[in-house]
Amino acid sequence: MKAYLDLCQRIINEGRWVENERTGKRCLTVINADLTYDVENNCFPLLTTRKSFWKAAIAELLGYIRGYDSAADFRALGTKTWDANANENAAWLKNPFRKGPDDMGRVYGVQGRNWQKLDGEVIDQLRKLVDNLSRGIDDRGEILSFYNPGEFHMGCLRPCMHTHTFSLLGDTLYLTSYQRSCDVPLGLVFNQVQVFAFLKIIAQITGHKPGQAFHKIVNAHIYEDQIALMRDVQLKREPFNLPQLHINPDIKSLEDLETWVTLEDFEVTGYECHPAIQYPFSV
Ligand SMILES: Nc1nc(=O)c2c([nH]1)NC[C@@H]1CN(c3ccc(C(=O)N[C@@H](CCC(=O)O)C(=O)O)cc3)CN21
Ligand SMILES: O=c1ccn([C@H]2C[C@H](O)[C@@H](COP(=O)(O)O)O2)c(=O)[nH]1
């Protein structure tokens, strides 16, 4: 929590203005931020300086795990966060690869579960790493990569959190997640939840103890229309203690995550927070 607020303050104090062509807005930007989450002690990094919608973040993560490519499937899980990118971005709307309303194209989980090889076969990166970790194997390449430059033109957005590397030391599982571009007031609130929950879920289904999750961010920015709310409202608030995340212990396999798991299988306790802040979203 402190690390998040420090990053926001650092962007306000030291950030440089960068024009962004895709959104037509300017962003106050810093390069490089490292965040660490204590999954072992269940210190759930849910922002307390504004009301945060952790369920939508977990729904996104479940959608990536399932390899979804439609904003409608994400809505059915419990989040509308992909509606705008799938249906309102002018460049994507006229892209011939867009299959119709709600199509997101070959992004995120599609690459994670269904990476196309030249010979026509597909690679299921998540299945491979879950199988290995379940057998106690870390081949130093337990990597889930959503970043496929050869198919950027077939998706509505390049993945932001693009690579997740799992590591096993003894019976403790670690996760290192890489993010190329980070909307700190909006996206990062979700991404913190996702990195934490991803390690906790994969540790649970592969039978290991979760350790720390390491979140490495390259371009961290605040859009120009978000600055005043961050500087004058959110950064003036005192944080509360972190809550805890509980996951239904009956979730035991990747198949469980793919078939019956819903947001009802996740619970947060001890969450005390300041009122919601509605930050503008840039498509
Ligand atoms: N500009 C931008 N920022 C992002 O963070 C972002 C994108 N684009 N495009 C792809 C995904 C979609 N994500 C989103 C989209 C919307 C919210 C959002 O509106 N959050 C609100 C309300 C959430 C709710 O009601 O469930 C919030 O207050 O956190 C957050 C992340 C993260 N990503
Ligand atoms: O998980 C996510 C997804 C997206 N974002 C933000 C980061 C940027 O503000 C935009 C993506 O724009 P690009 O021009 O492709 O960098 O979405 C995020 O923070 N977290």
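Provided above is the structure to which this section pertains.
Small disclaimer: the values here were computed from a predicted structure and weren't measured. (Residues numbered from 1 in each chain as written. Chains lettered and ligands numbered in written order. Predicted model: local features only at pLDDT ≥ 70, side-chain atom pairs only at ≥ 80, totals over all residues. Heavy atoms only, no water.)

Can you break down the site of ligand 2 residue by residue, with the values?
By nearness alone, 14 residues border ligand 2, and R22, R180, S181, H221 and Y223 come closest of all. Between ligand 2 and S181 there is a distance of 2.8 Å, counted from an oxygen atom to a side-chain nitrogen or oxygen. Between ligand 2 and D183 there is a distance of 2.8 Å, counted from an oxygen atom to a backbone nitrogen or oxygen. Protein coverage of the free-state accessible area of ligand 2, which is 460 Å², stands at 87%. Among the secondary structure elements, those contributing two or more residues to the shell around ligand 2 are β7 (172-183), α8 (187-206) and β8 (209-223). For the shell around ligand 2, the leading source of residues is β7, giving 5 residues. (Near = heavy atom within 4 Å. Polar contact = N/O pair within 3.5 Å; in protein donor to acceptor, adjacent residues only side chain to side chain. Areas by Shrake-Rupley, 256 points an atom, 1.4 Å probe, with all protein chains shown as cover. Helix = DSSP H or I, 4+ residues; strand = E, 2+ residues; numbered from the N terminus.)

Can you tell me about the pattern of salt bridges, naming the residues and giving the values?
Taken as a whole, this structure holds 20 salt bridges when the rule is applied. Note that D225 is salt-bridged to K25, the shortest N-O span being 2.7 Å. Here K25 lies in strand β2 (residues 25-38) and D225 lies in the loop between β8 and α9 (227-233), a separation of 200 residues in the sequence. Using a relative accessible area of 32% as the deciding quantity, one classes D225 as partly exposed. Counted as one network, the salt bridges with shared partners bring together D69, K99 and D103. (Salt bridge = Lys/Arg side-chain N within 4 Å of Asp/Glu carboxyl O. Buried < 20%, exposed > 50% of the residue type's maximum accessible area, 1.4 Å probe, protein only.)

Help me get a handle on the pairing of β2, residues and values and all.
Sheet analysis places strand β1 (residues 16-20) next to β2, joined by 5 bridges and oriented antiparallel. Within the sheet, the bridge partner assigned to V18 lies in β2 and is C27. Where β1 folds back on β2, the antiparallel hairpin that results is connected by 4 residues, among which G24 adopts a positive phi of roughly 70°. Where β2 lies against β8, 11 bridges are found, and the strand directions are antiparallel. Bridge assignment links C27 to a residue of β8, and that residue is Y223. (Pairing = 2+ DSSP bridges.)

Give me the lowdown on unusual backbone geometry, citing residues and values where you can.
For N32, which is not a glycine, the phi torsion comes out positive at approximately 85°. With respect to the helices and strands, N32 occurs in strand β2. In this structure, D102 takes a positive phi of about 75° despite not being glycine. With respect to the secondary-structure elements, D102 resides in the loop between α5 (90-93) and α6 (109-113). With relative accessibility at 12%, the residue D102 sits in the buried group.

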